[in-house]
Amino acid sequence: MTEVLFPTILFLTSVLHLYSCLREKKKMRMISKPFLMPLLGICWVIFADRPSYLVLAGILLGGLGDIALLWPLKKGSFLLGVLFFFLGHLCYLTYIFKAYEISTSVFWMIFIALIYFSGSFFIYLKTRKEIPSALRIPSFMYMLALSSLSALSLLVLISAPDFRKAMSFLGASLFLVSDGILSQMIFVKKKESSMLNFIVMFTYISAQVLLAAGWAAG
């Protein structure tokens, strides 16, 4: 029963939230958003072969980040959201190191790390002037954590390719897309947009679900 009930509730809540983003129904959006990650956390516990407290903690920290980012244009709320998501990604990274063996060559490790680090540094330099000075270091640290998640997911996939690891890598990549668009909205456009909110949340929810699903048999 629970294997059908909670995924269904998560799906319906996600649809409701995405609809509220697109139609600019602020009250509905603010009510539905805090339930997304707790519901995903319940689904993780139900479906994971060996539920990890690290993944569950990462998901729930994402939920706290979601609440903080209900007001993304407020500096304090944004900084708190970055902190929660940074801690969540540290949980995810620790889980990957504990659950998977990376057996690629040193060349590929260095090559992929350089690509992600160079990309993060380039994006930071391009957007640095738009970011308030108090948020620059936290934003760059979070960017490195997010890039590390994607890079490690790719190395895990290359080491022993399978469908679930491909799902995890896709999820980590969608996280990059989601946060990239969110940063553009906050620091460049400096105003919320219904379409951008929809895209950010669609890619974010997809990212978290794909990560959790990919790790469920880990």
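Heads up: these notes are all about the structure in this document. Computed from a predicted model, the values in this text were never measured in an experiment. (Residues numbered from 1 in each chain as written. Predicted model: local features only at pLDDT ≥ 70, side-chain atom pairs only at ≥ 80, totals over all residues. Heavy atoms only, no water.)

This part takes up the pattern of salt bridges. A side chain with one charge can pair with a side chain of the opposite charge if their charged atoms come near. If you walk through the whole model with that rule in mind, you get 1 salt bridge. Lys 165 is paired through a salt bridge with Asp 162; the nearest N and O atoms lie 3.8 Å apart. Relative accessible area serves as the criterion here: at 15%, Lys 165 is assigned to the buried category. (Salt bridge = Lys/Arg side-chain N within 4 Å of Asp/Glu carboxyl O. Buried < 20%, exposed > 50% of the residue type's maximum accessible area, 1.4 Å probe, protein only.)

A word on the side chain of Arg 136. Here Arg 136 shows up in helix α6 (residues 133-159). For the buried Arg 136, no salt bridge is present, and the opposite-charge side chain at shortest range is Glu 130, 8.9 Å distant. Not counting residues up to four positions away in its chain, the partners in contact with Arg 136 are Tyr 124, Arg 128, Lys 129 and Ile 131. (Helix = DSSP H or I, 4+ residues; strand = E, 2+ residues; numbered from the N terminus. Lys, Arg positive; Asp, Glu negative; His and termini not counted. Contact = heavy atoms within 4.5 Å.)

Positive phi is not limited to glycine here, since Glu 24 has a value of about 55°. In this structure, Glu 24 sits in the loop between α1 (2-22) and α2 (26-47). Exposure remark for Glu 24: the relative accessible area of 61% places this residue in the exposed category.

Ranked by internal contacts, the top residues of the largest apolar core, which has 53 residues, are Trp 44, Ile 59, Leu 149, Phe 175 and Trp 215. If you list the elements that add at least two residues to this core, you get α1, α2, α3 (53-68), α4 (75-99), α5 (106-127), α6, α7 (163-189) and α8 (194-215). Sort the elements by how many residues they give to this core and α8 lands first, with 10 residues. Not counting residues up to four positions away in its chain, the partners in contact with Ile 59 are Met 37, Leu 40, Gly 41, Trp 44, Tyr 92 and Ala 212. (Core = buried A, V, L, I, M, F, W, Y, C linked by side-chain atoms within 4.5 Å.)

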